[in-house]
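# A closer look at the structure
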Amino acid sequence: MANIIEFDYSSFLINSSNQKWTFSQALKSLIPTFGTIWNASVHDSTSTQERLRLEALQVLSSHINDESNIIRLIRLARIEGISDLKIKLPYTLDDEQILYILDNTHTEISQKNDEFDLLLVHLNEPSLK
């Protein structure tokens, strides 16, 4: 059964520009898994979409490139057991950016440009080597 979650990256960029980081937030941005484990107690009644949003606010940074943020978001989604992401973007990613994300994640990616730019990400099961 697919677990499809929407994430508004455009809103994240707007909200993160006003954010001041604490020491633990800086640590979580350097080691995303640390942030997820740190926030594990939030799993009680919080929806998966809200947990992803809260974790992303702790791990993503407007000070690094969008591709790296999207890779971090995909890793967080994988930890949360999410199978598909719909990421609302402020612009369309170019082929080089998509390839960089694909090279660093085990995903299938497509873009949709209707009312806004949407990145559709399917998280494949990691292969065992």
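None of the values given here were measured: they were computed from a predicted structure.

Time to look at the packing of aromatic side chains. Enumeration over the complete set of coordinates arrives at one aromatic pair. One residue, K88, lies across the ring of F116, its end atom 4.6 Å from the ring centre.

Among the nonpolar cores identified, the biggest contains 26 residues, and F7, L52, L85, I87 and L119 are the most heavily contacted of them. Within the residue set of this core, elements represented by two or more residues are β1 (4-8), α1 (9-16), α4 (48-59), α5 (66-79), β2 (84-89), α6 (95-104) and β4 (117-123). The biggest single contributor to this core is α5, with six residues. Ignoring sequence-local partners within four residues, the contact set of L52 consists of I5, F7, L73, L76, A77, I82 and L85.

Moving on to the layout of surface pockets. In this structure, the largest pocket encloses a volume near 160 Å³. Within the residue set of the lining of the largest pocket, elements represented by two or more residues are β1, α1 and α4. In terms of residues, the lining of the largest pocket owes the most to one element, α4, which gives four residues. Split by residue class, the lining of the largest pocket holds three nonpolar, three polar and four charged.

So, about the packing of α5 against α6. The geometry of α5 relative to α6 is characterised by a closest axis approach of 10 Å and an angle of 35° between their N-to-C directions. For the pair α5 and α6, the crossing hand works out as right-handed. Contact with α5, carried on its side by E67, S68, I70, I71, I74 and R75, involves Q97, Y100, I101 and N104 of α6 and no other residues of that element. Residue composition of the contact of α5 with α6, by class: five nonpolar, three polar and two charged.

Another aspect to go through is the sheet that holds strand β3 (residues 107-113). Taken together, the four strands give an open sheet; going across it, the order is β1-β2-β4-β3, and neighbouring strands pair in mixed fashion. Either end of the sheet is taken by a strand with one partner, and the two such strands are β1 and β3. Put simply, the sheet's adjacent strands are angled 20° from each other on average, direction ignored. Across six bridges, β2 lies against β4 in antiparallel orientation. Considered in β4, the bridge of L85 is made with V121. Strand contacts of α4: β1 and β2, with the helix running at about 40° to β1, the strand carrying the most contacts. Sheet contacts for α5: β1, β2, β3 and β4; angle to β2, the most-contacted strand, approximately 150°.

The rules behind each value
Residues numbered from 1 in each chain as written. Predicted model: local features only at pLDDT ≥ 70, side-chain atom pairs only at ≥ 80, totals over all residues. Heavy atoms only, no water. Phe/Tyr/Trp six-rings, centres within 6.5 Å; stacked < 30°, edge-to-face > 60°. Lys NZ or Arg CZ within 6 Å of the ring centre and 35° of its normal. Core = buried A, V, L, I, M, F, W, Y, C linked by side-chain atoms within 4.5 Å. Buried < 20%, exposed > 50% of the residue type's maximum accessible area, 1.4 Å probe, protein only. Helix = DSSP H or I, 4+ residues; strand = E, 2+ residues; numbered from the N terminus. Contact = heavy atoms within 4.5 Å. 1 Å grid on protein atoms, 1.4 Å probe; cavity = no way out; pocket = protein on both sides within 12 Å on 5 of 7 lines; lining within 4 Å. Points joined across faces, edges and corners; volume = space filled by probe spheres on them. Nonpolar A, V, L, I, M, F, W, Y, C, P; charged D, E, K, R; others polar. Axes fitted to C-alpha atoms, helices over the stretch in contact; angles between N-to-C directions. Left-handed = near helix turned anticlockwise from the far one by under 90°. Pairing = 2+ DSSP bridges.

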